[in-house]
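Listed here are the chains, written in short residue letters.
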Amino acid sequence: MADPITTLDNLLRPAFDAVAADAAPVDPVVRASEHADAQANGALGLAKRLGRPPRDVADEIVAYLNDSGVLDGICDGIEVAGPGFINLSLSPEFLGAEVAALIGDERLGVAEADTARTVVIDYSAPNVAKEMHVGHLRSTVIGDALVRLLGFLGHRVIRENHIGDWGRPFGMLIEHLIDIGADAAGEGLSQGDLDGFYKAANAKFDASPEFQERSRQRVVALQSGDAETTELWLRLVSMSTDYFNTVYRQLGVLLDDDDLMGESRYQDLMASTIERLDAAGLLVDSDGARVVFPDGFTNRDGDPLPLIIQARTGGFNYATSDLSCVIDRVERLGADLLLYVVGAPQRQHLEMVFEVARLAGWLAPPAEAVHVSFGNVLGADRKMLRSRSGDAVKLVELLDEAVERAAAAVADKNPDLDDAARAEVARLVGIGSVKYADLSTDRIRDYVFDWDRMLSFDGNTAPYLQYAHARICSIFRRADLDRDAFAAQWSDDPTAIIGLGHEAERTLAKRLLAYPSVIAAAAAGYEPHTVCTYLYELSQEFTAFYEHCPVLRAEEPTRRDRLLLCDLVARTLGHGLGLLGIDVPEQM
Ligand code: ARG
């Protein structure tokens, strides 16, 4: 049960090819339309190519389709309309049988990808001893959705959390750790006061030459693998990652300690990365620093822009660890798709890294790297989201607030839930709302963080979709039916046809069958919002159906058919939200 639109597109192609004869072939371009179940627009383009009146060409295609009989049993109406559109209406038996086939299909019609790729997804990537900001939240939520989506399509997905855990500031951070004692540091860091720790160390660094000197020596000790220093560094890192884990658990994302692949992990590779760049003839000396000039990158004055590989002081750069990281992903892990879920400000850095990796031959087709970029989170004032004190927003506090606000909204909506049930629903709705608000806008765009909007039970929000799901569960509860058992009764019948007498039922059936193309599109563009839009439309169409088509009061077999449609809607909502990392309650 592929999307009928895809089926029609494939079936129309030979007719278009036949009419095109020797002219270059034209795509039928079949789409869902207000005027018919499906509309093919391709005859217009073909007519232009043939220099003939479009309606004549469309008529000829329709005649060919009728003669060949390919659409028998699929379409019960094929007509030319307007300037040369071909309108197609699907037969109720075909549609009914196609949706019925979804009942027994765990994958809801979605096939695995033809070729499975090895995909490394680089996401979240906060920095040790620094607060995770909303940009890290976006990366975490979008990355988690892509992990689930691509995994579902059968790709081998490797999660990597490229935390910032190396570099010059660690000398100062370790010295500060020694000064205040590990216990005091642990209290602050593991409880999310990361910025406080960082700022205190920084202030000392600015004020005291003695502290500066200690910090410098400490960096050297760290880089040379001094045991005591390494031990202190590890403590510092684990205090931060403990805190990151708290946020991940609260968010319900898949990341854990096994996914940590911070900058420090690539230090041993650095020397060989530089040798290989040198051997490829790419390294240039620039004021004592070693750099690469990839083509096509210039600064504001139009001068070529270098990617700095090794500073004059001998230290390696962020770019060097990213290049080593490309080598590791392609050569050790065998990845052929590298996704970087990183905010838009790092676009130039990543593009330069990718280009240098290509020049060095480390990123050769079929291997490719993609910057899965995203915009900012804005406050109500349309500036970068900040807390009331003007600092970065603490993610733990943000998520706690989401759950609290959701608890109030849920209590309002359903005062009958007991305390335990309400707390659980509040958690799913609160966290779901924050994630959904992030995922439902085109990721490239900025979005305004707005509590009232994201927690509303109306509109393109998590609560609206979760509520539609809960409502269907409650229909089954009222009928005293177990949803799975009910569906299982009908899942093995290959001759089953769901009756679709009402227009609202047809609409719902077509939407359900479109799920595979939506998933494919979302994966192809790394665009979770495509799934959100689809689920929102499905919920709206379900609401319309439920208004016009009584379910439990209907006569058999209509009652059965409507219950099956309800179950399919609930499953699709649960599945789609699941791919976005959002859970659905059974009741709300
Ligand atoms: N730690 C970086 C930051 O907070 C993000 C790292 C992204 N990944 C990468 N491979 N460069 O900005």
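For clarity, every value in this text was computed on a predicted model and none was experimentally measured.

Caption draft 1: Representation of the overall build of the chain in the model. Along the chain, the regular secondary structure elements total 22 helices and 13 strands. Seen through its C-alpha atoms, the chain measures out along the principal axes to roughly 85 × 70 × 45 Å. For the chain, restricting intrachain contacts to residue pairs at least 6 apart in sequence, the fraction spanning at least 24 positions comes to 73%. Taking the average location of the 55 positive side-chain charges in the chain and that of its 92 negative ones, the two points are 3 Å from each other.

Caption draft 2: Local environment of the sheet that holds strand E6 (residues 156-160). The four strands lie next to each other as E6-E5-E10-E11, forming an open sheet whose pairing is parallel. The open sheet has two free edges, formed respectively by E6 and strand E11 (368-372), since each of these has just one partner strand. Taken pair by pair, the neighbouring strands of this sheet meet at an average axis angle of 20°, ignoring direction. Taken together, the five bridges between strand E10 (residues 337-341) and E11 define a ladder with parallel strand orientation. Residue pairing across strands places Val-341 opposite Val-372, the latter belonging to E11. The strands touched by helix H12 (residues 318-332) within the sheet are strand E5 (118-122), E6 and E10, with E10 carrying the most contacts at an inclination of about 140°.

Caption draft 3: Structural view of the environment of Pro-366. Positionally, Pro-366 belongs in the loop between helix H13 (347-359) and E11. Exposure remark for Pro-366: the relative accessible area of 62% places this residue in the exposed category. As for Pro-366 and Asp-336, which are separated by 30 residues in sequence, their C-alpha atoms are 6.2 Å apart. In this structure, Pro-366 is in contact with Arg-117 and Asp-336, ignoring residues within four places of it in sequence.

Caption draft 4: Helix H10 (residues 227-251), seen in detail. Here H10 is 25 residues long and its end C-alpha atoms lie 35 Å apart, about the 36 Å a rise of 1.5 Å per residue gives. Residue Gly-252 follows H10 closely and has a positive phi angle near 70°.

Caption draft 5: Fine view of the packing of helix H1 (residues 4-20) against helix H2 (residues 42-50). Here H1 crosses H2 at 15°, and the two axes come no closer than 11 Å. By the angle between their axes, H1 is roughly parallel relative to H2. H2 is crossed by H1, and the crossing has right-handed handedness. Taken together, the residues of H2 that come into contact with H1 (itself represented by Phe-16, Val-19 and Ala-20) are Gly-42, Ala-43, Leu-46 and Leu-50.

Caption draft 6: Just the side chain of Glu-541, in detail. Of note, Glu-541 is situated in helix H21 (residues 528-548). One polar contact links Glu-541 to Arg-511, side chain to side chain, over a distance of 2.7 Å. Excluding anything up to four places from it in sequence, Glu-541 contacts Thr-507, Leu-508 and Arg-511.

Caption draft 7: Structural context of the site of the ligand. Residues in close proximity to the ligand include Asp-122, Ala-125, Asn-127, His-136, His-162, Tyr-318, Asp-322, Tyr-340, Val-342 and Gln-346, which together make up its full environment. Separating a nitrogen atom of the ligand from a backbone N or O atom of Ala-125 is a distance of 3.0 Å. Out of a free accessible area of 350 Å², the ligand has 89% covered by protein chains. Per-class residue counts for the shell around the ligand are four nonpolar, four polar and two charged.

Caption draft 8: Inspection of the pattern of salt bridges at higher detail. One pass over the structure, following the stated rule, counts 33 salt bridges. Among the salt bridges present, the one from Arg-214 reaches Asp-179, with a minimum N-O distance of 3.0 Å. Here Asp-179 lies in helix H6 (residues 169-180) and Arg-214 lies in helix H9 (residues 209-223), a separation of 35 residues in the sequence. You can call Asp-179 partly exposed: its relative accessible area is 35%.

Caption draft 9: A look at the packing of aromatic side chains. The final tally for this structure, using the stated rule, is 10 aromatic pairs. Ring centres 5.0 Å apart and planes at 50° place the aromatic pair Tyr-340 and Phe-354 in the tilted group. Placement of the pair is Tyr-340 in strand E10 and Phe-354 in helix H13, with a sequence separation of 14 residues. In this structure Phe-354 comes out as buried when scored by relative accessible area, which is 3%. Measuring from ring centre to ring centre gives 6.1 Å for Phe-457 and Tyr-467, while their planes differ by 90°; the resulting arrangement is edge-to-face. Here the residue Phe-457 occupies a position in the loop between helix H16 (451-454) and helix H17 (462-478), and Tyr-467 occupies one in helix H17, the gap between them amounting to 10 residues. Under the relative-accessibility criterion, Phe-457 is labelled buried at 16%. Among the aromatic residues, ring-to-ring pairing joins Phe-542, Phe-545 and Tyr-546 into one connected group.

Caption draft 10: Expanded view of the side chain of Ser-433. Within the secondary structure layout, Ser-433 lies in helix H15 (residues 419-439). Classification of Ser-433 as buried rests on a relative accessible area of 1%. When near neighbours in sequence (up to four residues on either side) are disregarded, Ser-433 contacts Met-454, Leu-455, Ala-462 and Pro-463.

Caption draft 11: A look at the sheet that holds strand E9 (residues 307-310). Strand order in the open sheet made by the three strands is E7-E8-E9, with antiparallel pairing throughout. Looking at strand neighbours, the two that pair on one side only are strand E7 (284-286) and E9, the edges of this open sheet. Taking each pair of neighbouring strands and ignoring which way they run, the sheet shows an average axis angle of 50°. With three bridges connecting them, strand E8 (residues 289-292) and E9 associate as antiparallel partners. Residue pairing in the sheet places Arg-290 in a bridge with Gln-310 of E9.

Caption draft 12: Focus on the nonpolar core. Among the nonpolar cores identified, the biggest contains 157 residues, and Ile-61, Val-99 and Leu-580 are the most heavily contacted of them. Those residues within four positions of Val-99 in sequence are excluded, and the remaining contacts are Ile-498, Leu-500, Ala-509, Leu-512, Leu-513, Leu-565 and Leu-568. Residues Leu-277, Leu-282, Val-292 and Leu-305 belong to the second largest nonpolar core, which totals 32 residues.

Caption draft 13: Structural context of H1. With 17 residues, H1 ought to run about 24 Å at 1.5 Å a step, and its terminal C-alpha atoms sit 24 Å apart, in line with that. Of all bends in H1, the biggest is about 30°, found at Leu-12, and the proline Pro-14 comes one to four residues later. Along H1, the residues that are buried comprise Pro-4, Leu-8, Asp-9, Leu-12, Ala-15, Phe-16, Val-19 and Ala-20. Of the residues trailing H1, Ala-21 is marked for its positive phi of about 50°.

Rules of the game
- Residues numbered from 1 in each chain as written.
- Predicted model: local features only at pLDDT ≥ 70, side-chain atom pairs only at ≥ 80, totals over all residues.
- Heavy atoms only, no water.
- Helix = DSSP H or I, 4+ residues; strand = E, 2+ residues; numbered from the N terminus.
- Contact = heavy atoms within 4.5 Å.
- Lys, Arg positive; Asp, Glu negative; His and termini not counted.
- Charge placed at Lys NZ, Arg CZ, Asp CG, Glu CD.
- Pairing = 2+ DSSP bridges.
- Axes fitted to C-alpha atoms, helices over the stretch in contact; angles between N-to-C directions.
- Buried < 20%, exposed > 50% of the residue type's maximum accessible area, 1.4 Å probe, protein only.
- Expected span 1.5 Å × (residues − 1).
- Parallel < 35°, antiparallel > 145°, perpendicular 65-115°, else oblique.
- Left-handed = near helix turned anticlockwise from the far one by under 90°.
- Polar contact = N/O pair within 3.5 Å; in protein donor to acceptor, adjacent residues only side chain to side chain.
- Near = heavy atom within 4 Å.
- Areas by Shrake-Rupley, 256 points an atom, 1.4 Å probe, with all protein chains shown as cover.
- Nonpolar A, V, L, I, M, F, W, Y, C, P; charged D, E, K, R; others polar.
- Salt bridge = Lys/Arg side-chain N within 4 Å of Asp/Glu carboxyl O.
- Phe/Tyr/Trp six-rings, centres within 6.5 Å; stacked < 30°, edge-to-face > 60°.
- Core = buried A, V, L, I, M, F, W, Y, C linked by side-chain atoms within 4.5 Å.
- Bend = angle between axes of the 7 residues up to and from the residue.

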